[in-house]
Amino acid sequence: MAQLSVVPSRAGRDEALALARTLPPPGPVPGRYWKIDLTKLALEEVEPGSVTSRFALSDEAKRKGVIATDLGSASREHEAVITATEGNAVDWRSGRFTALNAARRENGAFIFLPKGVVIEEPIVVTQRLEGPAAFPYVLVAASEGSRATIITRYEAAPDLELVSEIVEIVALEHASITYSAVQDLPANVRVFWSRRGNVGRDAELNWALAELGAGVSIGDVKSTTLEAGARTTIAGLFFPNKGQHVDLQSEADHPAGKTQSETIFKSAAIDGGQARFIGNIRIRPSAHGVDATLRDDALLLSKDSHIDSIPALEIGANDVKAFHGATIGAIDDEELFYAMSRGIDRHEAERMIALGFFEPALVRFPTERLREELRGALAGKIA
Amino acid sequence: MASGLNVSDLHVTTGDSGEILKGIDLKVERGRIHALMGPNGSGKSTLAFALAGHPSYQIVRGNATLDGEELLALSPDKRAKLGLFLSFQYPAAIPGVTVANFLRTARTAVRGSDLTPAQFRTLVFEQLDHLGIDTSFLGRYVNDGFSGGEKKRLEMLQLAILAPKYAILDETDSGLDVDALGAVGESLTTLRSGAGKDTGFLIITHYPRILQYLEPDVVHVMMDGRIVKTGDAELAHRIESEGYDNIRDEVAASGAA
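About the criteria used
- Residues numbered from 1 in each chain as written.
- Chains lettered and ligands numbered in written order.
- Predicted model: local features only at pLDDT ≥ 70, side-chain atom pairs only at ≥ 80, totals over all residues.
- Heavy atoms only, no water.
- Helix = DSSP H or I, 4+ residues; strand = E, 2+ residues; numbered from the N terminus.
- Rg over C-alpha atoms; globule rule 2.2 N^0.38 Å.
- Buried < 20%, exposed > 50% of the residue type's maximum accessible area, 1.4 Å probe, protein only.
- Contact = heavy atoms within 4.5 Å.
- Buried area = accessible area lost by both parts, 1.4 Å probe.
- Salt bridge = Lys/Arg side-chain N within 4 Å of Asp/Glu carboxyl O.
- Polar contact = N/O pair within 3.5 Å; in protein donor to acceptor, adjacent residues only side chain to side chain.
- Nonpolar A, V, L, I, M, F, W, Y, C, P; charged D, E, K, R; others polar.
- Pairing = 2+ DSSP bridges.
- Phe/Tyr/Trp six-rings, centres within 6.5 Å; stacked < 30°, edge-to-face > 60°.
- Lys NZ or Arg CZ within 6 Å of the ring centre and 35° of its normal.
- pLDDT = per-residue confidence, 0-100.
- Axes fitted to C-alpha atoms, helices over the stretch in contact; angles between N-to-C directions.

**A short note on the overall build of chain B**
Next, step 1: Broken down by element type, chain B carries eight helices and 12 strands.
Next, step 2: Against the 2.2 N^0.38 benchmark of 18 Å for 257 residues, chain B shows a C-alpha radius of gyration of 18 Å, consistent with a compact globule.
Next, step 3: Considering only C-alpha atoms, chain B reaches an extent of 60 × 40 × 35 Å along its principal axes.
Next, step 4: Out of the 257 residues in chain B, the part that is buried amounts to 53%.

**Structural notes on the interface of chain A and chain B**
Next, step 1: Taken together, the contacts link 18 residues of chain A with 33 residues of chain B.
Next, step 2: Across the interface of chain A and chain B, roughly 1900 Å² is buried in total on both sides, 69% from carbon and sulfur atoms.
Next, step 3: Per-residue buried area on chain A facing chain B is highest for F337, Y338 and R342 of chain A; these three make up 41% of the total on that side.
Next, step 4: Linking chain A with chain B are one salt bridge.
Next, step 5: Inspection of the region where chain A meets chain B yields nine residue pairs in polar contact (both at pLDDT 80 or more).
Next, step 6: Counting only elements with at least two residues in the side of chain A that touches chain B, the list comes to α6 (333–340) and α7 (346–362) of chain A.
Next, step 7: A class-by-class count of the residues in the side of chain A that touches chain B yields nine nonpolar, three polar and six charged.

**Thoughts on the pairing of strand β8 (residues 162–171) of chain A**
Residues and elements named next belong to chain A.
Next, step 1: Extensive coverage of β8 is indicated by the burial of 10 of its 10 residues.
Next, step 2: Every second residue of β8 is oriented toward a common face, with L162, S164, I166, E168 and V170 on one face and V163, E165, V167, I169 and A171 on the other, all of them buried.
Next, step 3: As defined by bridge partners, strand β6 (residues 137–142) adjoins β8 across six bridges and the pair is classed as parallel. Of the residues in β8, the one forming a bridge with A142 is A171.

**Thoughts on the sheet that holds strand β5 (residues 69–70) of chain B**
Residues and elements named next belong to chain B.
Next, step 1: If you walk across this open sheet you meet the four strands as β2-β1-β4-β5, and the pairing is antiparallel. With one partner strand each, in any of the chains shown, β2 (19–28) and β5 form the two edges of the open sheet.
Next, step 2: Bridge analysis of strand β1 (residues 5–13) against strand β4 (residues 58–66) gives seven bridges, and the strand direction is antiparallel. Each residue of the ladder has a partner; that of V12, found in β4, is I59.

**Focus on the packing of aromatic side chains**
Next, step 1: Taken as a whole and assessed by the stated rule, the structure comprises 14 aromatic pairs over all chains.
Next, step 2: Arranged with centres 5.5 Å apart and planes meeting at 15 degrees, the rings of F49 of chain B and Y57 of chain B form a pair that is stacked.
Next, step 3: Each member of the aromatic cluster is reached from another via a ring pair, and the members are F337 and Y338 of chain A together with F49, Y57, F88 and F102 of chain B.
Next, step 4: Its end group placed over the ring of F357 of chain A, K266 of chain A keeps NZ or CZ at 5.4 Å from the ring centre.

**Concerning the environment of N107 of chain A**
Residue and element names in this part refer to chain A.
Next, step 1: With respect to the helices and strands, N107 occurs in the loop between α5 (96–104) and β3 (109–113).
Next, step 2: For N107 and T52, which are 55 residues apart along the polypeptide, the C-alpha to C-alpha distance reads 7.8 Å.
Next, step 3: In terms of polar contacts, N107 uses its side chain to reach the backbone amide nitrogen of L71, at 3.2 Å.

**Quick notes on the pairing of β6 of chain A**
All names here are of chain A.
Next, step 1: With six of its six residues buried, β6 lies for the most part within the structure.
Next, step 2: Side chains Y137, L139 and A141 project from β6 onto one buried face, and the interleaved V138, V140 and A142 project onto a second face that is buried too.
Next, step 3: The sheet contact formed by β3 and β6 spans five bridges and is parallel. For I111, the partnering residue across the bridge sits in β6 and is V140.

**Notes on the confidence of the model for chain B**
Close reading of the predicted structure is inappropriate where its pLDDT is low.
Next, step 1: Mean pLDDT over chain B works out to 91, with 98% of the residues at or above the 70 mark.
Next, step 2: Overall fold confidence (pTM) sits at 0.93, and the ipTM for the predicted complex is 0.96.

**Focus: the sheet that holds strand β3 (residues 33–37) of chain B**
Adjacent strands of a sheet pair through backbone hydrogen bonds, lying either parallel or antiparallel.
Residue and element names in this part refer to chain B.
Next, step 1: Read across the sheet, six strands follow the order β6-β9-β10-β3-β11-β12 without closing on themselves; strand pairing throughout is mixed. Edge positions in the open sheet fall to β6 (84–87) and β12 (226–231), since each of these has one partner strand only. Pairwise comparison of adjacent strand axes, ignoring direction, gives a mean angle of 20 degrees for this sheet.
Next, step 2: As paired strands, β3 and strand β10 (residues 200–205) are joined by five bridges and run parallel to one another. The residue bridging H34 from the neighbouring strand is L202, located in β10.
Next, step 3: Sitting on the sheet, helix α1 (residues 44–52) touches β3, β6, β9 (166–170), β10 and β11 (218–223), and the angle it makes with β6 is about 140 degrees.
Next, step 4: Of the strands in this sheet, β3, β11 and β12 touch helix α7 (residues 233–242), which is tilted by about 50 degrees from β11.

Spelled out as structure tokens, the structure:
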């Protein structure tokens, strides 16, 4: 993998920007549904603001030696770990906005879990994003046998217009990481992210991702199960409404046999909201004994809304279990009638059924408080 | 203002299948139990759905009132708010919505916030107890992965929580084993002695098994979209021993058209 110092040199930045300009913009080609044309976005004119991370870390975690700090200060004290981890899961050369992130980022968040450290209380990372453009970078290094839950939030300054984020997670043998990200940025913001994790022997990585805000949100999440016993879940939900465009890709990549993945995405669109979801399972040749599932359900709540749902299975080994199921449609008439026959008016019934529809993805989010917040935000979209 | 659930000259069709109900006249009064019996395909469930307001059933003519209020122009939720309840033969599953949430939402929709959360809880727990349902039921998703018996118990639970003025029970006894039928039957008996004592019941059934728990005041027999015979409980017993063939022959002989 291409290595780049976490806070890149001048020459490194120039190289990254030059590369970014040659790469095609992500997301669907503009057309009948997708109204966004990113070719007009001049990368060299994107003006960096800043990212400031705050961390809520329990006393228990501090006592056990967990590090949660910004990269600026971490890079001196934990240089060896960072050097060993950075670039492992995300190749900054892989896309226009990852390269842009490499060209422009000033700082980021760094979380390090020492060997065998298990902490119950979630680590909460709040990233304050100052405009016009912010380039967050999150690096999580989970040592052997460590376990933690990480909850990340954005906080947008009024001048924010563009966000390009990289999240990189390395879970070593027997480590277990749950990483939750809720994107609820203001409607004028365009956000691009690339979140990837490498999962070691008998380790576990669980993603819980919600795309609620921003006018344009384009992201890709990927877990790579590197060694036998590695498990990953990729759970996501998105719900574009008026003026919002969402394009997400997920990939469970299985280079090693006897590994597992479960991908579950629930989405809805209303009031002209547009989305595309591409869900990939990739089982490499000789990765025998993989068990991978992909479940992707989309709910259209108005005629002018649109979701493209594209499952893609690439299976190179014989002795595997791979399942995918996808549905797309409106609210079921019989469910609606049943609820209405109990006195619940159409609007409330639709809202209740739609919220219930999200629930299998919602329950993957780590705390009840977060789940309640998400339910509230989703309900708010069905005005 | 006319009290009761009144149906007059009701003709109903579904899309391309022609008229299923060919002129139904029926009056159910509060506190009374009417049984509506008839062979499969006679139109019993169509009557239930049409009265509850299912969008697939079109009213060709006729009308229906609930304590004097016109029903047929109303959306299903407004009919429920007037006090009509339908116990479904095949209740829909609503994945992701818990029974507890559904019951509270329905109760509030129909009755407003007439109970404090604590009172509501007490009511629900009492009814769970009557129905022999474990409290873990409340955390499950509505009808999602329920057995046939569990679905019917949930219908009875809703009936008890909503305590409607008029309840239509569509084949509530079908698909139940003896134990489940017993639980549902006893819950109806309990309901009749409490919150449901003023409820008027229209109990749709193919076989009269459920009627051993609820002795009907009136029995109607439906065939081919019409009510062809009305009698007392004795008529149900007759159907139990003879089936529908004799009645069909009598109706044919009398030239009912």
